[in-house]
Amino acid sequence: MEERLLMVPGPTNLSKRVREVLSQPQVGHTDPDFAKNFSETLQLARKAFRNNNGYQFVFTGTGTVGMEAAVAATVEAGDKVLVLNTGYFGQRMVDINRCYGAHVEELGSGFGMHADPDAVGKMLAGGPFKALYVTHVDTGTTVCNPIADIVKEAKNAGVLAIVDGVCSVGGIELDFDKMGADLAFAGSQKALAAPPGAVLVAVSKEFLAQLEAKKDRIRTYYANLLRWKGVMDDPKTYFATPAVQLMQALNQALKEVDEEGLDNRWSRHRSNAKTIRDGIEGTKSKLVVEKGYRADTVTGIWTEPGAAPAIQRSLREEHGIDVARGLGENNTKMLRVGHFGNLTEKQARFFVDAFAAAKKTP
Ligand SMILES: Cc1ncc(COP(=O)(O)O)c(C=O)c1O
């Protein structure tokens, strides 16, 4: 099948080397070579988060499993938490917290609006809260929250800071050690440019100690980080069979992140995002998010009412580019364009030309 330019907000096009890894013969998860490969993956994952001081987990499961692992590690029934509900995935964090019996307070924002750190600080002052949950980039609205300032507010208030970095890690600055968050997680399928299905979780040393003290009070089986810790300490240990090929592919993708260098990767994402946003605005189409809070990994575009399906079809059929539509009520009036992973400047420009040429009316 001819390769299409995948510009949905995840998954993304895989490099040739990653695809080659996926087609290797099956090996067992207890194979010493696999264990060695996985140990290297953990070190590379640390680098992708800039997590030198904390503890690193990688296991099979999508970003949502990372969300569950984070909530199960943080709350016990009745705990009061603050969720910054800046979109679809903020809402999912609210729902998961409720599943685990937390008393959830939400700080909402208008569609496509960011969370304001001052408002967060004020809300936290009315606590006590056990934890604050923030989505770095909400893929539903395409807003990028000022993560470092928000985490600072949580730390000042003595509240656990939990960051959903699914749509940012590897593409937008998220420096785990410097930021001082307690836990951050990412998915494999976005800016890290691996196939979907692996979750990467960074936790601070202090948070790990709290977790170890909690032991039996973590109310989940598969998403219990403590159960996974044995595997991270010694990858030959069995807890649940990892998706072997996926883990090997993630290893290769993370090597490519490392080869490029995180700073260079962030700056490539910044520059491609600018090319794409400028190109879209050049067609008089409106971006969903206000300047200053637009993500460098995904862009939301308002279309004429009802026109999103036609533009999506035109991009797909006439230009070989796949983009996504808005979620829920925005399904026919919003497009979401992913621009992360291995996307080159040439591909960013190709998208801009295709978007300009695409049919804009329903
Ligand atoms: C910000 C964010 N958080 C969480 C998720 C959930 O990840 P998954 O779909 O891999 O379960 C996504 C998925 O797009 C996401 O964008």
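Refer to the structure presented above.
## Topic: the pairing of strand β15 (residues 334-338)
- By the criterion of burial, β15 is predominantly enclosed, with five of the five residues buried.
- Sheet topology places strand β12 (residues 298-302) next to β15; five bridges connect them, and they run antiparallel. Considered in β15, the bridge of Trp302 is made with Met334.
- Where strand β14 (residues 324-325) and β15 come together, two bridges link them in antiparallel fashion. The partner of Arg325 across the bridge, within β15, is Leu335.

## Observations regarding unusual backbone geometry
- Following Gly10, the chain continues to Pro11 via a peptide bond in cis, the omega torsion being 0°.
- Residue placement: Pro11 occurs in the loop between β1 (5-6) and α1 (16-22).
- The omega angle of the peptide bond from Gly127 to Pro128 is 10°, so this bond is cis rather than trans.
- Tracing the backbone through its elements, the reader meets Pro128 in the loop between α5 (117-125) and β5 (131-135).
- Of note in the backbone geometry, Arg50 takes a positive phi value of approximately 55° without being a glycine.
- Relative accessible area serves as the criterion here: at 26%, Arg50 is assigned to the partly exposed category.
- Backbone geometry places Ala193, a non-glycine residue, at a positive phi of 60°.
- When its relative accessible area of 3% is taken as the criterion, Ala193 is described as buried.

## Some remarks on the site of the ligand
- Taken together, Thr62, Gly63, Thr64, Met67, Phe89, Thr135, Val137, Thr139, Asp164, Val166, Gln189 and Lys190 are the residues near the ligand.
- In the environment of the ligand, an oxygen atom lies 2.6 Å from a nitrogen or oxygen atom belonging to the side chain of Thr62.
- A distance of 2.2 Å separates an oxygen atom of the ligand from a polar side-chain atom of Thr139.
- In the complex, the protein chains occlude 87% of the 390 Å² of accessible area that the ligand would expose alone.

## Details of the packing of helix α10 (residues 244-260) against helix α11 (residues 262-282)
- Close contact between α10 and α11 brings their axes to 6 Å; oriented N to C, the two are set at 90°. The angle between α10 and α11 places the two elements in the roughly perpendicular class. Residues Glu256, Val257 and Glu260 of α10 touch α11, and the partners they reach there are Leu262, Asn264, Arg265 and Arg268.
- Within the contact of α10 with α11, the residues separate by chemical class into two nonpolar, one polar and four charged.

What counts as what
Residues numbered from 1 in each chain as written. Predicted model: local features only at pLDDT ≥ 70, side-chain atom pairs only at ≥ 80, totals over all residues. Heavy atoms only, no water. Buried < 20%, exposed > 50% of the residue type's maximum accessible area, 1.4 Å probe, protein only. Helix = DSSP H or I, 4+ residues; strand = E, 2+ residues; numbered from the N terminus. Pairing = 2+ DSSP bridges. Near = heavy atom within 4 Å. Polar contact = N/O pair within 3.5 Å; in protein donor to acceptor, adjacent residues only side chain to side chain. Areas by Shrake-Rupley, 256 points an atom, 1.4 Å probe, with all protein chains shown as cover. Axes fitted to C-alpha atoms, helices over the stretch in contact; angles between N-to-C directions. Parallel < 35°, antiparallel > 145°, perpendicular 65-115°, else oblique. Contact = heavy atoms within 4.5 Å. Nonpolar A, V, L, I, M, F, W, Y, C, P; charged D, E, K, R; others polar.

It is worth stressing that arrangement in space is one thing and function is another; only the former is reported here.
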